[in-house]
Amino acid sequence: EQRRIVPVNRIDAAFLTNNDALNEPTIDVYFTITELLSNTQDEAHFHALQNPNLSPSQRAALYFQKGSNDNDGDDSSSSVDPSRMMLYLQGGPGFGCAAPISGLSLASSSSSWAAAVLLGGGKVTNADGKSFQRIVLMDQRGTGKSSAICKQQLVKMFPDLFLLDKTEKEGKVVGEEFGGDSDARMMLLQARQQKALKEATDYLSLFRADSIVRDAEWIREALTNPFRYVDDDGNDNAAVNGPQPWGGALGQSFGGFCLMTYLSSIQNPPELMYFTGGIAPMNTPVREVYDRLWLRVRERSWKYYEQYPGDVALVKKIVRKLLAHENSADPIILPSGGILTARRFLQIGLALGGSPGSSFANIHSVINSAFVDEDSDEISNAFLKRIDYEQSFDDAPLYFLLHESIYADGEGATQWAANQSYEGHVQANPEFDYRVTCQEDNSNPTLFFGEMVFPFMAHGDFSELSNSGMRMLSEALAEKSDWLPLFCEANMRAALVDKKKSRAAAACYYDDMYVDFECAMKLVQRGCPLEGVKVYVTNEYQHSGLRDDGANIINKLAAMSKNRLHVPS
């Protein structure tokens with residue numbers, strides 16, 4: 001595991017060599033390098049790196065002493081070869097990267113996509129036909145260990161944003177330390193809060209794909225040129241080597257969106273790019289994106305009930321029970337402090353986009369733990385704990401705050417597009433209205449919610465999200481209209497088609513609940529931004545295909561990118 005200090009703002013390579021840039025605000029980005037230990041020397045070197053007395057810089061220097069083993073016998077090199085490294089960008093946004101072993105099995109070449117890359121015997125190689133020696137797993141900024149965003153951290157960074165969250169304690173009035181009458185005091189509090197709101201909104205705006213790909217470049221630069229310097233004549237020692245892009249990159253879901261931003265904004269993007277369920281619906285308005293996705297959620301809900309028909313009546317019973325408590329003075333409180341409303345319960349449908357064998361079974365298990373026993377209508381404590389466990393938005397608020405912004409490609413506010421779309425579907429078709437379908441005499445099943453965020457999440461349903469500060473922040477981000485562009489059609493075509501800097505292949509899942517298939521297909525047609533991407537279309541897998549059968553999928557995409565497999569035929 002390594003750490004790279006990177007600028008918060010979008011600063012180019014001068015940050016690496018200009019001492020004045022050290023005054024820029026920074027964050028930490030952590031990444032894990034996964035590689036094979038093939039002999040006793042490798043193992044000894046690995047154990048030496050675990051010395052707790054080493055500082056991060058000492059650990060990095062020790063790691064690079066081994067760099068020469070990558071470079072075909074050139075012992076003078078103290079870097080690692082980026083052409084033999086694969087960058088992995090995970091889905092989200094807002095969650096850290098899976099750790100090796102626990103999240104990515106390396107037991108055999110067929111046990112995971114990572115195993116196929118490192119143990120696959122030459123099936124997955126770089127542009128020069130050489131094997132990949134390392135996989136770089138990056139905790140995207142704001143997630144995992146990379147200056148993670150949570151409410152506690154936001155309170156520390158922007159305390160004035162949360163001034164009005166304080167309640168009266170020990171007889172003291174909120175803000176009384178500022179003096180003056182209550183009206184003047186409240187005006188001062190609100191002014192300070194608005195200033196902090198602007199600062200927090202601007203700060204979180206820097207945690208999108210355009211910043212994530214630049215973080216990946218800082219990491220690549222650190223690995224490629226660990227001792228970069230500029231001499232007295234202004235000569236950059238790294239410049240003599242020319243462009244040294246990543247040999248490969250794999251983007252799962254939102255990670256694929258990031259790869260599209262890589263193609264759009266980085267001069268030398270990865271030489272090989274693999275998308276799995278990750279072609280962003282650029283050029284499609286965000287409201288239309290969600291109009292389409294709600295229909296896919298309906299289809300997956302039907303599919304779930306086909307597999308578990310007994311849950312139709314049970315889900316209706318749960319929703320009626322929760323609605324009754326919502327309309328009384330006795331709401332059901334979760335262990336986390338949030339309120340279990342019917343709408344929050346239906347958000348367990350977020351997992352419907354996985355394979356039926358695992359994700360459906362898990363949802364079924366949660367639903368069937370709802371009541372103390374079959375003849376009771378008392379909600380069980382086990383159910384409340386499961387709901388908290390399955391819905392981690394309190395712990396990962398970045399997902400809630402920035403999810404819709406992944407579709408904000410330039411000017412225009414997202415304005416809670418998923419919620420607007422839902423209300424539109426409810427008005428057009430009562431089948432979407434859980435208040436209607438939960439009734440015993442209604443023949444329609446109650447539909448789940450999908451990968452959407454809603455303003456109600458900050459109104460009591462989730463305790464960590466529900467306060468004046470977090471609510472104002474979520475509203476400000478929803479109303480923000482001056483987003484920077486994420487994608488550039490001309491640059492994407494230049495990299496893939498005109499200059500052929502990158503070769504790419506994509507797995508597109510026909511029934512994908514999270515990424516609309518038709519929107520993706522519009523971008524890979526001849527004359528379109530992703531014309532150069534070879535597409536493997538399948539309904540054999542859901543969005544979780546990389547997790548369910550990653551070795552086969554990455555092997556197929558690698559063969560397609562090298563023209564060893566003619567798909568499409």
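The structure contained in this document is the topic of the report that follows.

Conventions used here
- Residues numbered from 1 in each chain as written.
- Predicted model: local features only at pLDDT ≥ 70, side-chain atom pairs only at ≥ 80, totals over all residues.
- Heavy atoms only, no water.
- Salt bridge = Lys/Arg side-chain N within 4 Å of Asp/Glu carboxyl O.
- Helix = DSSP H or I, 4+ residues; strand = E, 2+ residues; numbered from the N terminus.
- Buried < 20%, exposed > 50% of the residue type's maximum accessible area, 1.4 Å probe, protein only.
- Pairing = 2+ DSSP bridges.
- Axes fitted to C-alpha atoms, helices over the stretch in contact; angles between N-to-C directions.
- Contact = heavy atoms within 4.5 Å.
- Polar contact = N/O pair within 3.5 Å; in protein donor to acceptor, adjacent residues only side chain to side chain.

1. A look at the pattern of salt bridges
Under the definition given, this model contains 21 salt bridges. Put simply, Arg141 and Asp215 hold a salt bridge, and the shortest N to O gap is 2.7 Å. Taken as a pair, Arg141 in the loop between strand E4 (134–138) and helix H5 (151–157) and Asp215 in helix H7 (residues 209–224) lie far apart in primary sequence, 74 residues in all. Taking relative accessible area as the criterion, Asp215 reaches 1% and is therefore assigned buried. Across the salt bridge formed by Asp516 and Arg292, the nearest N and O atoms sit 3.3 Å from each other. One end of the pair, Asp516, is in the loop between strand E7 (503–509) and helix H19 (517–523); the other, Arg292, is in helix H9 (residues 286–307), with 224 residues separating them in the sequence.

2. Points about the sheet that holds strand E5 (residues 248–252)
Strands belonging to one sheet form pairs held by backbone hydrogen bonds; the direction of such a pair is parallel or antiparallel. What the eight strands build is an open sheet, ordered E1-E2-E4-E3-E5-E6-E7-E8; its pairing is mixed. Two strands in the sheet have a free side with no partner beyond their single neighbour: strand E1 (2–7) and strand E8 (533–538). Averaged over all pairs of adjacent strands, the angle between strand axes in this sheet comes to 20°, irrespective of strand direction. Alignment of E7 against E8, held across six bridges, turns out to be parallel. Of the residues in E8, the one forming a bridge with Tyr509 is Thr538.

3. Observations concerning the environment of Asn283
Residue placement: Asn283 occurs in the loop between strand E6 (272–276) and H9. For Asn283, a relative accessible area of 52% corresponds to the exposed category. A sequence separation of 124 residues divides Asn283 from Tyr407, and the C-alpha atoms of the two residues are 9.5 Å apart. Once residues lying within four places of it in the same chain are set aside, the contact partners of Asn283 are Glu489 and Leu523. Within the local environment of Asn283, its side chain forms a polar contact with the side chain of Glu489, the two groups lying 3.0 Å apart.

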